[in-house]
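Take a look at the letters that make up each chain.
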Amino acid sequence: MVCFIGRSNVGKSSLIKALFSLAPEVEVRVSKKPGHTKKMNFFKVGKHFTVVDMPGYGFRAPEDFVDMVETYLKERRNLKRTFLLVDSVVGIQKTDNIAIEMCEEFALPYVIVLTKIDKSSKGHLLKQVLQIQKFVNMKTQGCFPQLFPVSAVTFSGIHLLRCFIASVTGSLD
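As annotated in an unreviewed UniProt entry, the protein carries the name GTP-binding protein 8 and comes from Homo sapiens. What UniProt states about the protein under its Sequence similarities (unreviewed entry) heading is, verbatim, "Belongs to the TRAFAC class TrmE-Era-EngA-EngB-Septin-like GTPase superfamily. EngB GTPase family." What UniProt records for the protein under Cofactor (unreviewed entry) is the sentence "Mg(2+)".

Have a look at this one:
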């Protein structure tokens, strides 16, 4: 089991749709409206593993967000990895610290995925990557050191992230 968490409108559902475009059983609805996902959505990927699309935090987050997500993260023993999505245009925001603190507190292995890289210039993107890597090195214990920059629009970085997910879920032969 893997889950995707991040701010409202960071591109969680879009990323899941791009990652599992070859898996017809994963039918993800995507909305341009922030805060569209209100509950946790579970998608089985064949017989291999389950993907969880979490509601976003921040703008238009469900009132029970912290209780719902905290309970899930704390009690889910078969959770292989949590993917924390960060918008490449704005970088890590104060609200992202909620998710980071939860992952750190519960000693969950997590990975930062930098989304919407098609909307950032190369210079801006490089600056964000360096800032996030510095943050990970200095302020986190459970965060996987490699950052995954991706675009659900151009599919840049999608294959590499797909391979990583297959590896951590044991879905590779």
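## So, the overall build of the protein
Along the backbone of the protein there are 5 helices and 6 strands. Reading the protein from its N end, one meets helices and strands in the order β-α-β-β-α-β-α-β-α-β-α. Excluding contacts between residues fewer than 6 apart, the proportion of contacts in the protein whose partners are at least 24 apart in sequence is 69%. If you sum the accessible surface of the protein, you get close to 9300 Å²; carbon and sulfur atoms cover 54% of it.

## A short note on the environment of Ser-8
Take Ser-8: it is sitting in the loop between strand E1 (2-6) and helix H1 (12-19). Counting along the chain gives 50 residues from Ser-8 to Gly-58, while the straight-line C-alpha distance between them is 6.0 Å.

## Quick notes on the sheet that holds strand E5 (residues 110-115)
As summarised here, the arrangement of the 6 strands in space is E2-E3-E1-E4-E5-E6, forming an open sheet in which the pairing is mixed. Every other strand in the sheet has two partners, leaving strand E2 (41-45) and strand E6 (148-149) as the edge strands with one partner each. Bridge count between strand E4 (residues 81-87) and E5: 6 bridges; the pairing is parallel. Within E5, the residue paired with Leu-84 across the bridge is Ile-112. In this fold H1 packs onto E1, strand E3 (49-53), E4 and E5, with an angle of close to 145° to the strand it touches most, E1. The sheet strands contacting helix H3 (residues 96-105) are E1, E4 and E5, and the helix crosses E4 at an angle near 160°.

## Overview of the nonpolar core
Core analysis: the largest hydrophobic core is formed by 32 residues, its most contacted members being Ile-5, Met-54, Tyr-72, Leu-73, Leu-84 and Ile-112. When residues of this core are traced back to their parent elements, those giving at least two are E1, helix H2 (65-75), E4, H3, E5 and helix H4 (122-139). If we ignore the near neighbours within four places in the chain, the residues touching Ile-112 are Leu-84, Val-86, Ile-92, Ile-132, Val-136, Cys-143, Gln-146, Leu-147 and Phe-148. Counting 23 residues, the second-largest nonpolar core is a separate cluster that includes Val-2, Phe-148, Ile-158 and Phe-164.

## Overview of the pattern of salt bridges
A complete count under the given rule lists 2 salt bridges for this structure. Here Glu-70 ties to Lys-74 by a salt bridge, and the two come within 4.0 Å at their closest N and O atoms. With Glu-70 and Lys-74 both in helix H2 and 4 residues apart, this pair spans about one turn of that helix. Here Lys-116 makes a salt bridge to Asp-87, at a shortest N to O gap of 3.7 Å. A residue pair is termed long-range when its members are at least 10 positions apart, and Lys-116 in the loop between E5 and H4 and Asp-87 in strand E4 qualify at 29 residues. In terms of burial, Lys-116 and Asp-87 fall into one category: buried.

## Let's talk about the pairing of E5
With 6 of 6 residues buried, E5 is to be regarded as a mostly interior element. By the alternation rule, side chains of E5 split into Tyr-110, Ile-112 and Leu-114 and Val-111, Val-113 and Thr-115, which are all buried. For the crossover from E4 across H3 to E5, the handedness is right-handed. Examined bridge by bridge, E5 and E6 share 2 bridges and lie parallel to one another. When the bridges of E6 are listed, Leu-114 appears paired with Pro-149. One crossover worth recording links E5 to the parallel E6 by way of H4, and it is right-handed.

Cut-off values and rules
- Residues numbered from 1 in each chain as written.
- Predicted model: local features only at pLDDT ≥ 70, side-chain atom pairs only at ≥ 80, totals over all residues.
- Heavy atoms only, no water.
- UniProt positions renumbered as here; feature names shortened; annotations may be inferred.
- Helix = DSSP H or I, 4+ residues; strand = E, 2+ residues; numbered from the N terminus.
- Contact = heavy atoms within 4.5 Å.
- Areas by Shrake-Rupley, 256 points an atom, 1.4 Å probe, with all protein chains shown as cover.
- Pairing = 2+ DSSP bridges.
- Axes fitted to C-alpha atoms, helices over the stretch in contact; angles between N-to-C directions.
- Core = buried A, V, L, I, M, F, W, Y, C linked by side-chain atoms within 4.5 Å.
- Buried < 20%, exposed > 50% of the residue type's maximum accessible area, 1.4 Å probe, protein only.
- Salt bridge = Lys/Arg side-chain N within 4 Å of Asp/Glu carboxyl O.
- Right-handed = clockwise from strand over helix to strand, strands pointing away.

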